[in-house]
Amino acid sequence: MPKKSTKMSGLQCLATENVWFDKQRYDDAEKCFYEGANGTAAKEREFNAILQDIAKSRQNILQSLNGSSSHGAGDQELVSRMKGMELENQTLHKVVEEMRAALKKLELRVASLEKSPAAVTCAKAAPVKAAPVKPVKVENGDDDDSDIDLFGSDDDEEAERIKQERLDAYAAKKSKKPALIAKSSILLDVKPWDDETDMGKLEECVRSVQMDGLLWGASKLVPVGYGIKKLQINCVVEDDKVGTDILEEELTKFEDYIQSIDVAAFNKI
């Protein structure tokens, strides 16, 4: 029995507590608690944001101060450059003044030289010697003027004779000089009929052609093809006496050995 009364007293105690019946109230209290805690965190965040703004403001102020100092340095540099330009301008003014003074002196000197008379040297003419006049002898009592030659015909004949003698001497001297003979070097290609042609006999026929102003030189055999060789021979001729046409005409007479003749080279000596 006493045990039952004890249990009843515990339930009665729990029944007297209003926490189970005022749940909304306690929920509100819990909400207020958490809101207070969250409000503290928000305030901390706001405080930190304020500190950050202050730091940014401070940094901007420092930057502006540094900028003003740099502007001041730039102004000082500009002032120094302006002073340097003023000094340079003054130096240039001095140089210009010196050049003007020198130019003025030069103008005065030129003007003085133009006013002074120039020394002009005149070449003296060489005196002309008069030709000697032969004295004319006139006999007393002879009034005949036919023997007197006033125009000097004898002197003219003498001068003409001397002139002719000099011309003849010059012509004789010039004729003694050896005349320059024009010569040419000709290289001929002499072609045979076939490979059975006796090239030794062919060269002998070529060299047998002799005439005034012709001199045969070196020769050689040059292969043409199919066992055929041509004779290449050099000669020196005097242009006034021997020509290529005459050579070709004389050489083609040996028609048993020579088919054709070509001029491979022609050079003036």
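It should be noted that the structure appears before, not after, this text.
Right, let's walk through the structure included here.

Rules behind the numbers
Residues numbered from 1 in each chain as written. Predicted model: local features only at pLDDT ≥ 70, side-chain atom pairs only at ≥ 80, totals over all residues. Heavy atoms only, no water. Core = buried A, V, L, I, M, F, W, Y, C linked by side-chain atoms within 4.5 Å. Buried < 20%, exposed > 50% of the residue type's maximum accessible area, 1.4 Å probe, protein only. Helix = DSSP H or I, 4+ residues; strand = E, 2+ residues; numbered from the N terminus. Contact = heavy atoms within 4.5 Å. Salt bridge = Lys/Arg side-chain N within 4 Å of Asp/Glu carboxyl O. Polar contact = N/O pair within 3.5 Å; in protein donor to acceptor, adjacent residues only side chain to side chain. Pairing = 2+ DSSP bridges. Axes fitted to C-alpha atoms, helices over the stretch in contact; angles between N-to-C directions.

One recurring pattern in soluble globular proteins: nonpolar side chains tend to sit buried together. Grouped together as the largest cluster of nonpolar side chains are 18 residues, with contacts concentrated most on Leu188, Val206, Leu214, Trp216, Cys235, Leu247 and Leu251. Sorting the residues of this core by element identifies strand E1 (183-192), helix H4 (199-207), strand E2 (214-225), strand E3 (228-238), helix H5 (244-251) and strand E4 (258-268) as the ones contributing at least two each. With four residues, the single largest contributor to this core is E3. Filtering out sequence-adjacent residues up to four positions away, cysteine 235 remains in contact with Ser184, Ser185, Ile186, Leu188, Leu214, Leu215, Trp216, Gly217 and Leu247.

With the rule as written, the count across this model stands at ten salt bridges. Of the charged contacts, one joins aspartate 239 and lysine 268 as a salt bridge, the two residues approaching to 2.7 Å between their closest N and O atoms. You can see aspartate 239 sitting in the loop between E3 and H5 and its partner lysine 268 sitting in strand E4, a full 29 residues away along the chain. The class for aspartate 239 is partly exposed, based on a relative accessible area of 25%. For the salt bridge of lysine 253 with glutamate 250, the shortest nitrogen-to-oxygen distance reads 3.3 Å. Classification of glutamate 250 as partly exposed rests on a relative accessible area of 25%. Each of Glu158, Arg161 and Glu165 takes part in a single network of salt bridges with overlapping partners.

As a further point, take the side chain of serine 185. Of note, serine 185 is situated in strand E1. A distance of 3.3 Å separates the side chain of serine 185 from the side chain of asparagine 234, its partner in a polar contact.

The four strands lie next to each other as E2-E3-E1-E4, forming an open sheet whose pairing is antiparallel. Looking at which strands have only one partner, the edges of the open sheet turn out to be E2 and E4. With direction set aside, neighbouring strand axes in the sheet form an average angle of 20°. With nine bridges joining them, E1 and E4 adopt antiparallel strand pairing. Looking at E4, one finds that lysine 191 is bridged to serine 260. Where H4 meets the sheet, its contacts fall on E1, E2, E3 and E4, and the angle it forms with E3 comes to roughly 15°. Across the sheet, H5 lies against E1, E2, E3 and E4, angled at about 155° from E4, the strand it touches most.

With that out of the way, let us pick up the side chain of serine 184. Position of serine 184 relative to the elements: it lies in strand E1. Relative accessible area serves as the criterion here: at 0%, serine 184 is assigned to the buried category.

On a regular strand, each side chain points to the face opposite its neighbour's, so the side chains alternate between the two faces of the sheet. When E1 meets E3, the two strands line up antiparallel, connected through eight bridges. When the bridges of E3 are listed, leucine 187 appears paired with asparagine 234. Note that E2 and E3 share nine bridges and pair antiparallel. Across the sheet, residue serine 219 finds its bridge partner in E3, namely isoleucine 233. Adjacent in sequence and paired antiparallel, E2 and E3 are bridged by two residues, among which tyrosine 226 carries a positive phi angle near 60°.

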